[in-house]
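# Close look at the chain arrangement
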Amino acid sequence: TAGVVALFGYIDSGAKVQNLTLNNFSVIAGKTNDDLYAACIAAINKGNITNIGITNGSIEVNNSNFDNQTYLGTIAASNQGKIRGCYFIQKQNIQFGITHYSKTTDYAGGLVGLNAGTITGCYLVSNMYNANINGIVGSNQGRTDSINNCYFDVNAGDLSPVNIHYAYDAVPIT
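Right, let's walk through the structure included here. Just so we're clear, the structure is a prediction, and the values are computed from it rather than from any experiment.

## Considerations on the packing of aromatic side chains
- Tallying each qualifying case throughout the model produces four aromatic pairs.
- Ring geometry for Tyr-37 versus Tyr-71: centroids 4.4 Å apart, planes at 5 degrees, classification stacked. Here Tyr-71 lies in strand β8 (residues 70-73) and Tyr-37 lies in strand β5 (residues 36-39), a separation of 34 residues in the sequence. The exposure classification of Tyr-37 matches that of Tyr-71, with both residues buried.
- For the pair Tyr-71 and Tyr-107, a centre-to-centre distance of 5.3 Å together with 20 degrees between the ring planes defines the contact as stacked. Of the two residues, Tyr-71 is situated in strand β8 and Tyr-107 in strand β13 (residues 107-108); the sequence distance between them amounts to 36 residues.
- In this structure Tyr-71 comes out as buried when scored by relative accessible area, which is 11%.
- A network of ring pairs unites the aromatic residues Tyr-37, Tyr-71 and Tyr-107 as a single cluster.

And the structure:
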């Protein structure tokens, strides 16, 4: 089984998580001998995540010594459902809200690691550390119609550049 670190490990099709605000919420995920799914809200989402806010948040993932895949996002590590009206704002007293020590082939995004669903009206305000994190999603699997009205304010600081585009796939945010 995969390593899962999130408030909800799995949100099934038809299930809803909604109208929740988390303050001073942190996730630290480390080494696993299998794939690692790390997020603040859902490791794997196939349902609906709506109106979730994370303020003063942080997430740190270190799976760098293993050959397995890492999925990282503040809202969902892997999304196959719907995410709407969600946000993540980093803690003010730390340098980076999102830290990723893993491989370049990992799916690491500010909101979602691997997206096969839809994301609408979400935003991210966070500094990121490591060159392998993308602003909104790590990968959108080449799709052009699944992210709408989302934005991010990201600062990589002086330590390491961050891919300041929204996915590995070259798709504009609408």
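## Some details on the sheet that holds strand β6 (residues 42-45)
- Taken together, the five strands give an open sheet; going across it, the order is β2-β6-β9-β14-β17, and neighbouring strands pair in parallel fashion. Strand pairing shows two members of the sheet lacking a second neighbour, β2 (8-11) and β17 (137-139), which therefore form its edges. The average undirected angle you get between the axes of adjacent strands in this sheet is 15 degrees.

## Considering the nonpolar core
- Ranked by internal contacts, the top residues of the largest apolar core, which has 34 residues, are Ile-41, Ile-49, Ile-59, Ile-75, Ile-83, Ile-98 and Ile-119.
- At the level of secondary structure, the elements contributing two or more residues to this core comprise β3 (16-23), β4 (26-29), β5, β7 (48-62) and β16 (123-129).
- Here this core takes five residues from β7, the largest share from any one element.
- When sequence neighbours within four positions are dropped, the list of residues in contact with Ile-83 reads Asn-45, Ile-49, Ile-75, Ala-76, Val-112, Thr-118, Ile-119, Thr-120 and Cys-122.
- In this structure, Tyr-37, Ala-39, Ile-44 and Tyr-71 belong to the second largest nonpolar core, which totals seven residues.

## Considerations on the sheet that holds β8
- On the basis of which strands lie adjacent, the open sheet formed by four strands has the order β1-β5-β8-β13 and parallel pairing. The open sheet has two edge strands with one neighbour each: β1 (3-5) and β13.
- For β1 and β5, the ladder comprises three bridges, and the chain directions are parallel. Paired with Val-4 across the bridge in β5 is Tyr-37.

## Some thoughts on the environment of Gln-92
- Along the chain, Gln-92 turns up in the loop between β11 (87-90) and β12 (98-101).
- In this structure Gln-92 comes out as exposed when scored by relative accessible area, which is 66%.
- Separated by 35 residues in sequence, Gln-92 and Gly-57 place their C-alpha atoms 8.8 Å apart.

What counts, and at which threshold
- Residues numbered from 1 in each chain as written.
- Predicted model: local features only at pLDDT ≥ 70, side-chain atom pairs only at ≥ 80, totals over all residues.
- Heavy atoms only, no water.
- Phe/Tyr/Trp six-rings, centres within 6.5 Å; stacked < 30°, edge-to-face > 60°.
- Helix = DSSP H or I, 4+ residues; strand = E, 2+ residues; numbered from the N terminus.
- Buried < 20%, exposed > 50% of the residue type's maximum accessible area, 1.4 Å probe, protein only.
- Pairing = 2+ DSSP bridges.
- Axes fitted to C-alpha atoms, helices over the stretch in contact; angles between N-to-C directions.
- Core = buried A, V, L, I, M, F, W, Y, C linked by side-chain atoms within 4.5 Å.
- Contact = heavy atoms within 4.5 Å.

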